[in-house]
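Take a look at the letters that make up each chain.
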Amino acid sequence: MPVRMNKSWVPLEEASLVTVAAHLGVYQLANDAGEIVYIGVADARTLFGIKGELRKAIVDPPAAATQFRYEVNMAYRTRHTELLQAYMHDHGALPVGNTDIDPRMLGRLRPAG
């Protein structure tokens, strides 16, 4: 699995959630330009998994998010941290919507390519 999520973006709207299952995993939200504005996790405390988290984002989108992509992953905590670290490596800061995470606590990741 590549470090960065490379799936296609899907419009952040209720009709797009038809094929999204209520599994645990990670997701990314982006604005119209495809810039990642939030990296989230659907963990064991999440009602209805990824689908539930995306429904919340439709109602109250962080940082003008208009699209999403996701991965079902049982190692969701590790994958979430990995995606945040890769973003920090690429951009020098966290996505604008990830205000609840202290970047000093992430550690460093130096992905190839």
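Residues numbered from 1 in each chain as written. Predicted model: local features only at pLDDT ≥ 70, side-chain atom pairs only at ≥ 80, totals over all residues. Heavy atoms only, no water.

Caption draft 1: View of the side chain of H80. In this structure, H80 sits in helix α2 (residues 76–91). By relative accessible area, H80 is classed as buried at 10%. Setting aside its immediate chain neighbours within four residues, H80 contacts V26, I39, G40, V41 and I101. (Helix = DSSP H or I, 4+ residues; strand = E, 2+ residues; numbered from the N terminus. Buried < 20%, exposed > 50% of the residue type's maximum accessible area, 1.4 Å probe, protein only. Contact = heavy atoms within 4.5 Å.)

Caption draft 2: Looking closely at the packing of aromatic side chains. Applying the stated criterion across every chain yields a total of two aromatic pairs. Residue placement shows K7 over the ring face of Y70; its charged tip is 5.6 Å from the ring centre. (Phe/Tyr/Trp six-rings, centres within 6.5 Å; stacked < 30°, edge-to-face > 60°. Lys NZ or Arg CZ within 6 Å of the ring centre and 35° of its normal.)

Caption draft 3: α2, seen in detail. A rise of 1.5 Å per residue sets the reference length of α2, with its 16 residues, at 22 Å; its end C-alpha atoms lie 22 Å apart and thus fit the reference within 8%. For α2, the set of buried residues is Y76, R79, H80, L83, L84, Q85, A86 and Y87. Just downstream of α2, G92 is the residue with a positive phi angle, here 80°. (Expected span 1.5 Å × (residues − 1).)

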